[in-house]
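Listed here are the chains, written in short residue letters.
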Amino acid sequence: MPRIYLSPSLQEYNPFINGGSEEEVMNLIADAMEPYLAASGIEVVRNSPEMSLGEAIADSNASNVDFHLAIHSNASPPSIAGTRQGPVVYYYSTSQLGREMAEDIADEMREIYPDPSKVQVLPTTTLRELRRTNAPSALVEVAYHDNYQDANWIKENIQPIARALSEAAANYFGVPFVEPTA
């Protein structure tokens, strides 16, 4: 059975422009993913909001998972706050498996995001959750929480986002995606 580490944002200090925090909303997405992943035969290991980022990375590394998925929302730099839109999926630049999952996630997000042309996949070497996890990894910024349209879209689409991320995981692991029955 494949094992995935879900790492929703630990940033309770990162406010959504329309209320709530990045940590709170990303945990709602992770909560909604668990039934999809379980139904599809994917075991879930997960961080908790009380952890620091270093503790979440150490927990992932100690958990013998097959993939580490960080779930975040984005914000524009202060000088252009609220002007950017769209999902961005990052992977560690030398990780072929990370890139495969990132592309799977982007494909699924293009199916549900209002403007599929704004979905991006980008390599990086700077994000700790991609650089320091043992398992292949990806970090998805589901959309911008400092943009009213994106922030509203995220909150109104928790279930479709969770489903899309879960479908990407099933595809990555080569298992059939199964809708939960309950």
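Chemist: Please provide a residue-by-residue account of the overall build of the protein chain, values included.
Modeler: When you go through the protein chain residue by residue, the secondary structure sums to six helices and six strands. Reading the protein chain from its N end, one meets helices and strands in the order β-α-β-α-β-β-α-β-α-β-α-α. Projected onto its principal axes, the C-alpha coordinates of the protein chain cover approximately 45 × 35 × 30 Å. Here the protein chain holds 182 residues, and 50% of them are scored as buried. Intrachain contacts of the protein chain at a sequence separation of at least 6 include 79% that bridge at least 24 residues. For the protein chain, the computed accessible surface area is about 8,100 Å², with 49% contributed by carbon and sulfur atoms. Considering the protein chain, the positive charge centre built from 11 side chains and the negative charge centre built from 25 side chains are found 6 Å apart.

Chemist: Residues and numbers for the packing of helix α1 (residues 22-39) against helix α6 (residues 158-173), please.
Modeler: It is the contact of α1 with α6, at a shortest axis distance of 8 Å, that shows an interaxial angle of 55°. When the axis of α1 is compared with that of α6, the two are oblique. Like other packed secondary-structure pairs, α1 and α6 cross with a definite hand, here right-handed. Together, Val-25, Leu-28, Ile-29, Ala-32, Met-33, Tyr-36 and Leu-37 of α1 and Ile-158, Gln-159, Ile-161, Ala-162, Arg-163, Leu-165, Ser-166 and Ala-169 of α6 make up the contact between the two elements.

Chemist: How would you sum up unusual backbone geometry? Please name residues and give values.
Modeler: A negative phi angle is the norm for most residues apart from glycine, just as the trans form is the norm for most peptide bonds. With a phi angle near 50°, Asn-64 is a residue other than glycine that sits in the positive phi range. Tracing the sequence through the fold places Asn-64 in the loop between α2 (53-62) and β3 (67-74). Relative accessible area serves as the criterion here: at 63%, Asn-64 is assigned to the exposed category.

Chemist: Would you mind going over the nonpolar core in detail, with residue names and values included?
Modeler: Core analysis: the largest hydrophobic core is formed by 42 residues, its most contacted members being Ile-4, Ile-29, Leu-69, Ile-71, Ile-105 and Ile-154. Elements with a contribution of two residues or more to this core: β1 (3-8), α1, β3, β4 (88-92), α3 (96-112), β6 (137-144), α5 (148-156) and α6. With 10 residues, the top contributor of residues to this core is α6. By size, the runner-up hydrophobic cluster in this structure holds seven residues, among which are Leu-10, Val-45, Met-51 and Ala-135.

Chemist: Give a description of α1 that names residues and reports values.
Modeler: The terminal C-alpha atoms of α1 lie 27 Å apart, and with 18 residues this matches the ideal 26 Å at 1.5 Å per residue to within 8%. Within α1, the axis deviates most sharply at Met-33, by approximately 25°, and proline Pro-35 lies no more than four positions further along. The elements touched by buried residues of α1 are β1, β2 (43-46), β3, β6, α5 and α6.

Chemist: Before we move on, can you summarise the packing of aromatic side chains with the specific residues and values?
Modeler: What describes a pair of aromatic rings is the distance from one ring centre to the other and the angle between the planes of the rings. Across all of its chains, the model carries four aromatic pairs by this definition. Centroid distance Tyr-113 to Trp-153: 5.0 Å. Interplanar angle 80°. Geometry classified as edge-to-face. Here Trp-153 lies in helix α5 and Tyr-113 lies in the loop between α3 and β5 (120-124), a separation of 40 residues in the sequence. There is no split in this pair, since Tyr-113 and Trp-153 are both buried. Measuring from centroid to centroid gives 5.1 Å for Tyr-172 and Phe-173, while their planes differ by 75°, and the two rings are edge-to-face. Judged by relative accessible area, which is 18%, Phe-173 ranks as buried. Grouped by ring-pair contacts, the aromatic residues Phe-67, Tyr-172 and Phe-173 constitute a single cluster.

The rules behind each value
- Residues numbered from 1 in each chain as written.
- Predicted model: local features only at pLDDT ≥ 70, side-chain atom pairs only at ≥ 80, totals over all residues.
- Heavy atoms only, no water.
- Helix = DSSP H or I, 4+ residues; strand = E, 2+ residues; numbered from the N terminus.
- Buried < 20%, exposed > 50% of the residue type's maximum accessible area, 1.4 Å probe, protein only.
- Contact = heavy atoms within 4.5 Å.
- Areas by Shrake-Rupley, 256 points an atom, 1.4 Å probe, with all protein chains shown as cover.
- Lys, Arg positive; Asp, Glu negative; His and termini not counted.
- Charge placed at Lys NZ, Arg CZ, Asp CG, Glu CD.
- Axes fitted to C-alpha atoms, helices over the stretch in contact; angles between N-to-C directions.
- Parallel < 35°, antiparallel > 145°, perpendicular 65-115°, else oblique.
- Left-handed = near helix turned anticlockwise from the far one by under 90°.
- Core = buried A, V, L, I, M, F, W, Y, C linked by side-chain atoms within 4.5 Å.
- Expected span 1.5 Å × (residues − 1).
- Bend = angle between axes of the 7 residues up to and from the residue.
- Phe/Tyr/Trp six-rings, centres within 6.5 Å; stacked < 30°, edge-to-face > 60°.

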